[in-house]
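# Topology and contacts: notes
Each chain, written out:
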Amino acid sequence: MANDVAAIKTALFERFGEDIAVDPSWPGLDALARITGHRSHRRFADRPLEPGLLRLLCACALSAPSKSDLQQCDIIHVADASIRKAIVATIPDMPWIEDAPAFLVFAGNGGRLPRLSHLRGKPFPNDHLDQFFNAAVDAAIVMATFMQAAAAVGLGFCPISAIRDHPQTVSDALGLPDRVFPVAGLCIGWPAQSGEITPRLSLSTTVVENSYRERDLAAEIDAYDRRRAQLRPYRRQRNVEQWGEAKFYGWSEDKARQYAVLTRDDFGRFVRKKGFCLD
Ligand SMILES: Cc1cc2nc3c(=O)[nH]c(=O)nc-3n(C[C@H](O)[C@H](O)[C@H](O)COP(=O)(O)O)c2cc1C
């Protein structure tokens, strides 16, 4: 218990740069210690993941709440090496996808609902953006629940949104039917390293009390850049050929450089082609 309190406080100080009160009498502190200690893992031990454990974790994940009980998330276990290879080929700069003992894809499935309407002889007038959004949110919640379950048994994982860099290729490899789309992949395995906590924006930036107020966002981001650079400085700068070597290279510079390059501009087209109406 005292260990949990110390672990939570240490992790949160590193994460948010803030001393957050933890009452030792509060229940569930062991679970909170695990949650606050989160870090993504990209290196895995040479130890297989038992198929039964993977199935149990899928069942835990799909026990998550679901919008209107519509159950619009599917989990695809990419067990076939040739299918995984086809996906990996679209993301050559992330070797951890190939190395991970297991690779899953969390997909939004907006195809079952109109099928139900058809089977029950009912109209389906709700064919608009909310349908796509609901399926995407369900998939994200299922993936988050999977990660909580995986962390509880000591597994490491890293989500992979890069599977949306070439969505049609991934869709073809996985044989995704109409109205089924990839939300993110997930590399899973027993971690080879303990990993590191990544600092986040301060809670005063991201937790809003009642309503947004005037704030000096530039100053808040600058403070975060500097706090983060002290703990986890970037090892290399992005697109130096274009933007030069920055004297101080913080999170905001990295994200601005990342998003100065156009990516995934075909995703809307892909989703529409899959049969969704995004209006
Ligand atoms: C939806 C989502 C997609 C992500 N996609 C990728 C990815 O394609 N490749 C990757 O290496 N990490 C990916 N990540 C991991 C993030 O880079 C990571 O969560 C972030 O850097 C913070 O680090 P932490 O998870 O260790 O706190 C993704 C995370 C999320 C939640």
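Look up: the structure comes first, before these words.
This text gives an overview of the structure that appears in the document. All of these numbers come straight from a predicted model, not from anything done at the bench. (Residues numbered from 1 in each chain as written. Predicted model: local features only at pLDDT ≥ 70, side-chain atom pairs only at ≥ 80, totals over all residues. Heavy atoms only, no water.)

### Brief notes about the overall build of the chain
Across its full length, the chain carries 13 helices and 4 strands. Relative to the 2.2 N^0.38 estimate, which gives 19 Å for 279 residues, the radius of gyration of the chain is 21 Å and therefore close to what a compact globule would have. The dimensions of the chain, computed from C-alpha atoms along their principal axes, are 60 × 50 × 45 Å. Here the chain, with 279 residues, has 37% of them falling under the buried criterion. In the chain, once contacts between residues fewer than 6 apart in sequence are set aside, the share between residues at least 24 apart is 76%. (Helix = DSSP H or I, 4+ residues; strand = E, 2+ residues; numbered from the N terminus. Rg over C-alpha atoms; globule rule 2.2 N^0.38 Å. Buried < 20%, exposed > 50% of the residue type's maximum accessible area, 1.4 Å probe, protein only. Contact = heavy atoms within 4.5 Å.)

### A word on the layout of surface pockets
Empty space among the atoms becomes visible once a probe the size of a water molecule is rolled across them. Size it by volume and the largest pocket reaches roughly 2,500 Å³. Residue lining of the largest pocket: 45 residues in total, with Arg42, Met94, Trp96, Arg238 and Lys255 positioned closest to the centre. Every element with two or more residues in the lining of the largest pocket is listed here: α5 (96-99), β3 (156-160), α10 (217-231) and α12 (251-258). Among the elements that line the lining of the largest pocket, the one with the most residues is α12, at 5 residues. In terms of residue class, the lining of the largest pocket is built from 15 nonpolar, 12 polar and 18 charged. Of the pockets and cavities examined, the second largest pocket occupies roughly 290 Å³. Among the secondary structure elements, those contributing two or more residues to the lining of the second largest pocket are α2 (29-36), α7 (129-152) and β3. When residues of the lining of the second largest pocket are assigned to their parent elements, the largest contribution, 4 residues, is made by α7. By residue class, the composition of the lining of the second largest pocket is 8 nonpolar, 7 polar and 2 charged. (1 Å grid on protein atoms, 1.4 Å probe; cavity = no way out; pocket = protein on both sides within 12 Å on 5 of 7 lines; lining within 4 Å. Points joined across faces, edges and corners; volume = space filled by probe spheres on them. Nonpolar A, V, L, I, M, F, W, Y, C, P; charged D, E, K, R; others polar.)

### Things to note about the pairing of strand β2 (residues 102-109)
Put simply, side chains in a regular strand alternate between the two faces of the sheet. With 8 of its 8 residues buried, β2 lies for the most part within the structure. On β2, burial covers both faces: Ala102, Leu104, Phe106 and Gly108 on one face and Phe103, Val105, Ala107 and Asn109 on the other are all buried. Where strand β1 (residues 73-77) lies against β2, 5 bridges are found, and the strand directions are antiparallel. Bridge pairing in β2 links His77 to Leu104. In this sheet, strand β4 (residues 180-189) lies alongside β2 in antiparallel orientation, the contact comprising 8 bridges. In the strand pairing of β4, Gly108 is matched with Phe181. (Pairing = 2+ DSSP bridges.)

### Description of a nonpolar patch on the surface
A grouping of Leu129, Phe133, Val137 and Ile141 is seen on the molecular surface, where their side chains present a nonpolar patch of about 320 Å² in accessible area. Topologically, Val137 is positioned in helix α7. On the accessibility criterion, Val137 (34% relative accessible area) is partly exposed. (Patch = residues over 30% accessible without salt bridge, like charges linked within 9 Å, V, L, I, M, F, W, Y side chains within 5 Å. Areas by Shrake-Rupley, 256 points an atom, 1.4 Å probe, with all protein chains shown as cover. Salt bridge = Lys/Arg side-chain N within 4 Å of Asp/Glu carboxyl O.)

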